[in-house]
Structure formats: C-alpha cells, structure tokens
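Here is how the chains run, residue by residue.
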Amino acid sequence: MDKPKPSVPFGHAMRDVHFSFDKGYLPLNHGSFGTFPKVVRERQRELQDLMEARPDTYLRYTYLELLEESRKAIAPLLGVSMDEVVFVPNATTGVNTILRNLVYQKGDVILHFATVYGACEKTIDSLCETTQVERVCIALDYPAEDDDIVCKFKNVVQNLKDARKNIKVAMFDTVLTFPGARFPWEALVKACKDLGILSLIDGAHGIGHIDLTNLGKVGPDFFTSNCYKWLFVPRGCAVLYVPLRNQHLIRTSLPTSWGFQPLAKREVEPRDIKAFGELFKKVSTIDPTPYVCVQEALKFRELVCGGEAKIREYCENVVKVGGKRMAEILRTEVMDNKTGTLHRCCFVNVRLPLTVTQGAPSYDDCVPSEHQREWANSQSMKGSGYIREADASKIAKWMTEKSVKEYATMIPVKFYVGQIWCRISGQIYLELEDFEWAGYKLKEMCERVSKGEFLVEDDQ
C-alpha cells in the first residue's frame, strides 16, 4: 500500500501549521535540541494532566502500560525486538550506562575517534580516573573517505594488540556532531566483529535522521539514540538498545534503582528475558511523559508527513541544495569527500570566507601581500577576510553568539582543521530561501569580523 502524501506541504506551510516557532525566529540548528509538533505537545500535556489528576494511579500503573506500548512502537525503527530496547533521558546517559556497567582491568582500552562528542569524551576521562581503563583516540580530520576511516581503525587496533592491550570497547557515531557528517558505522561494526571487539554506537543523531531499520542485522553490541533530536519526541527521551546476547553485561541503570538485582539473587533466580526492561522501568522520579509520546510522534510522521522515507528525502535534499546555495553566496565550498558519503544525512557544512594568514589580518587595516592573494585565489577563497589563527576560535564563538543574539537564529560556527566552518540542519519546515538568508547573514558577519568588531566587544 502506498504511503499517505503529506497533508500539508513541507516547508514554511508545515512550519506555520504544525510547529510552535516564534514568527521572528529561523530554526537552522535542529540538530542540537530538536523540536516537536503541536499535536505531540498537546499529547504530552494531556499525559501530564492525567499524571497530576491521579499521581499514584498514573505513575504506578498507567505509565507502565504506556511505556510498554512505546517500546513496541520504537523497536521496528531499529529492526529489533522490544525486549532489547529501553528509554533513557538522552544519549549521553545511554553511553554512560554502557561504559559504567563494563568491568575494566589493567591493560583495558576504550577506543574512540577524535570526532567523539565532547560529553562522551569526558565520560571516558572520568572512567580513566576512577578505573584501570585507558583511552586511545584515533586521529581523524575531515573531509575523510569511509574506507580510509575503517582502514585507520583496523591499523590502530592491530597496533594495540601488538602492544598487548585489550580493547574493551570501541565507540563511534552514526552521524557526527561537528562536522555534521555521516559516519561509516556499519563498516565499523563489521570490523569490530571481525576483530573480536565490543562496539558501542553513539547514535545521538540517528533515529529519525537516517534509516536504522537494518540496525538489528548489522548487529552492534550497544546503541543509543536521542528521540528528541530528529524523531519529534519531547526533550528528555532516548532509546537504548542492548541485544539479548549482551544484556547480562548491563547490571544497573543510572542511577541504580528498583530494577537492580544483587549478584546473590541473580545466581539463585534464572535471568528472565524481561529483566532488561524491568531494570529501566522505574529509575528515580522524573516526568516520564516524553517516553510515552513516541506513538504520537510516529503517528504524526506517518499520517501528516507521509512516512520516514519522505521525511528523510526532503531533509537531505533541502540541506544539500541549500548548502550549495550558501557556498555560492559566500564564494566558498561545502565540505565533501570524493565518494560523496558525508551528505547521506540531514547536515551540511559550509566554509566561511575567513582565511587564516601568517601576515596582517584584515582587522589590522593592512593590505594582504601579493603572495597571500595568490594563495587565497588558488584555494578558491576570493573575497576572503584575513584572520589570525590565534583569533579563529574566538571569532567562531563570536559569530555563533551573534547568530542568536542579533539574527534570531542559531548557526554553529567552529574553527576546524585550519578553516572556519558552519553547520546547518535540514528539516521539513525549511525551504531554500532560509539557506539563502543564512548565507547572506553569514557573509555580513564575516564582513563585521574583517572590521574587527569581535575585538571591540572584547575591550568593552
């Protein structure tokens, strides 16, 4: 049977009818915190009203029934059994739950890439301080080719094994946070299997963003993904997947709560297939309504948007076309690799026309040397402003903050591998003209940088 067509066209009409954005705000950074449609908001408030009308009835009985329905609803999006998925507040909690349940011995290593999300990296740092585990970071600069990433991973693993280190777990992403790019997680899971290494996927930008219905077949050892970022579920909801074969490794939720079973009791009573779900049913007292809004979000995506494939197709296309147009306006480029794999997702990274120079920056009112001009032209940087490398991170932060405070949007800008880049998210409520607007505003901010405005504000 054919999927239903969107009842409201994607773009501004979708935004106006179904979302709650302020009229003067342009949401270009869906990837950080997501959003959810009005109908899901109404469902959440309905659930909150039920909870406040009869707190004990709701939290002790009604909620638990609804939670089972949510687990059943989300499992097919990952191609797994409902007995293998639970909910946690966010992907960072999911990563912590896995890493802090593993038992480490001297010589154990957690392996990750330089592109790891900052909070996850700090989690590893914490474990290195409190346990015997060590960390090894695989250097990686983008743009990169998927095959090269996998080859580098295998080489590092072999070197560690030669050094008699035991790789306890390897952690990597589905889609990177910055730069926003598709990561070769499927190939890395296969490599982990071949090499006998546990794999942990930080899929923060995963469910609702890319097709994950083959996750069960690919077979990672652990996976977590935020539902509030791309699935239109209220904030405070992520899915945690642990296949049946590995559930014995996860002894406690974070924080430890009612589902925990002491070892003595577990040795007497055989482990039940439902034990994993029980472990996460009652984990402290929070507002659990985001967990049980999953069905409403999926209903909206199916009946109003036309299904997961329609959403992905629009988001990937609008961000691809929009990013290209931004690069034209800025006279720069979109980050890409030769095989074009980076943009099989809903992010685009556009370079800004600010060139790091060893000479005088534009804001020193000095004219670049002829050598600088020739080099800039050879790098397709015509029209660039010149900046000191020492100022680059400060400039990126200044531009990000200005996008919020003066331009009523949010554009993440970072100094990355010697250049200034921005990341833009594609979503069903955006149109090409929104990316054009972003291009012109970023060009304006770059001109302000060249005039030294970021320095003036530092002196105030």
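Remember, predicted model here, so these are calculated numbers, not experimental data.

**A word on the packing of aromatic side chains**
All told, the structure shown has 14 aromatic pairs when counted by the stated rule. A ring pair is formed by F19 and F300, whose centres lie 6.3 Å apart and whose planes are at 90°; its orientation type is edge-to-face. In this pair, F19 sits in the loop between α1 (12-18) and α2 (30-33) while F300 sits in helix α13 (residues 294-304), placing the two residues 281 residues apart along the sequence. With relative accessibility at 3%, the residue F19 sits in the buried group. Judged by relative accessible area, F300 falls into the buried class, the value being 2%.

**Concerning the side chain of H209**
Turning to its location among the elements, H209 is positioned in the loop between β5 (198-202) and α9 (215-218). Residue H209 is classed as buried on the basis of its relative accessible area, which comes to 0%. Those residues in contact with H209, other than ones at most four positions away along the chain, are V175, W230, R312, C345, C346 and F347.

**Overview of the sheet that holds strand β11 (residues 413-416)**
Whether parallel or antiparallel, the strands of a sheet pair through hydrogen bonds between backbone atoms. Taking strand neighbours across the sheet as the criterion, the three strands line up as β8-β12-β11 in an open arrangement whose pairing is antiparallel. Only two strands of the sheet have a single neighbouring strand rather than two, namely β8 (347-351) and β11. Across the sheet, the mean angle from the axis of one strand to that of its neighbour is 35°, orientation sign disregarded. Pairing between β11 and strand β12 (residues 419-425): four bridges, direction antiparallel. Within the sheet, the bridge partner assigned to F415 lies in β12 and is I420. Against the sheet, helix α16 (residues 389-405) contacts β11 and β12, and its axis sits at roughly 160° relative to β11.

**Some points on the layout of surface pockets**
Estimated volume of the largest pocket: approximately 640 Å³. Taken together, 28 residues line the largest pocket, and the ones lying closest to its centre are Y117, T177, F178, K414 and R423. Only α2, α5 (91-101), α6 (118-130), α10 (227-230) and β11 provide two or more residues apiece to the lining of the largest pocket. For the lining of the largest pocket, the leading source of residues is β11, giving four residues.

**Details of the confidence of the model for the protein**
Overall, the predicted model of the protein reaches an average pLDDT of 93, with 92% of residues at or above 70. Residue range residues 375-381 is modelled with pLDDT below 50. Its contacts to residues more than four positions away, or to other chains, number 12 contacts.

**Side note on the nonpolar core**
The biggest cluster of nonpolar side chains holds 116 residues, and the ones touching the most others in it are L78, Y142, F153, F172, M399 and L442. When residues of this core are assigned to their parent elements, the largest contribution, nine residues, is made by helix α4 (residues 55-78). Not counting the four nearest positions on each side in its chain, F172 is found in contact with F113, F183, W185, L188, V189, C192, S199, L200, I201 and D202. With 25 residues, the next largest nonpolar core counts V86, V88, I124 and V133 among its residues.

**A few points about the sheet that holds strand β1 (residues 85-88)**
Strand order in the open sheet formed by seven strands is β1-β7-β6-β5-β4-β2-β3, and the pairing between neighbours is mixed. The open sheet terminates on both sides in strands that have one partner only, identified here as β1 and β3 (134-138). Across the sheet, the axes of successive neighbouring strands diverge by a mean angle of 20°, strand direction being ignored. Across five bridges, the pairing between strand β2 (residues 108-113) and strand β4 (residues 166-173) is parallel. Within β4, the residue paired with L111 across the bridge is A170. In this fold α4 packs onto β1, β6 (222-226) and β7 (238-241), with an angle of close to 110° to the strand it touches most, β1.

**Considerations on the pattern of salt bridges**
Here the structure, examined in full by the defined rule, presents 21 salt bridges. One salt bridge connects E134 with K165, and the closest N-O pair in it is separated by 2.8 Å. Taken together, the residues E134 in strand β3 and K165 in the loop between α7 (146-162) and β4 connect sequence positions 31 residues apart. When its relative accessible area of 28% is taken as the criterion, K165 is described as partly exposed. Across the pair R301 and E308 runs a salt bridge whose closest N-O atoms are separated by 2.8 Å. Overall, E308 belongs to the partly exposed group, its relative accessible area being 23%. Each member of the salt-bridge network shares a partner with another, and the members are K402, E406, R448 and E453.

Definitions and cut-offs
- Residues numbered from 1 in each chain as written.
- Predicted model: local features only at pLDDT ≥ 70, side-chain atom pairs only at ≥ 80, totals over all residues.
- Heavy atoms only, no water.
- Phe/Tyr/Trp six-rings, centres within 6.5 Å; stacked < 30°, edge-to-face > 60°.
- Helix = DSSP H or I, 4+ residues; strand = E, 2+ residues; numbered from the N terminus.
- Buried < 20%, exposed > 50% of the residue type's maximum accessible area, 1.4 Å probe, protein only.
- Contact = heavy atoms within 4.5 Å.
- Pairing = 2+ DSSP bridges.
- Axes fitted to C-alpha atoms, helices over the stretch in contact; angles between N-to-C directions.
- 1 Å grid on protein atoms, 1.4 Å probe; cavity = no way out; pocket = protein on both sides within 12 Å on 5 of 7 lines; lining within 4 Å.
- Points joined across faces, edges and corners; volume = space filled by probe spheres on them.
- pLDDT = per-residue confidence, 0-100.
- Core = buried A, V, L, I, M, F, W, Y, C linked by side-chain atoms within 4.5 Å.
- Salt bridge = Lys/Arg side-chain N within 4 Å of Asp/Glu carboxyl O.

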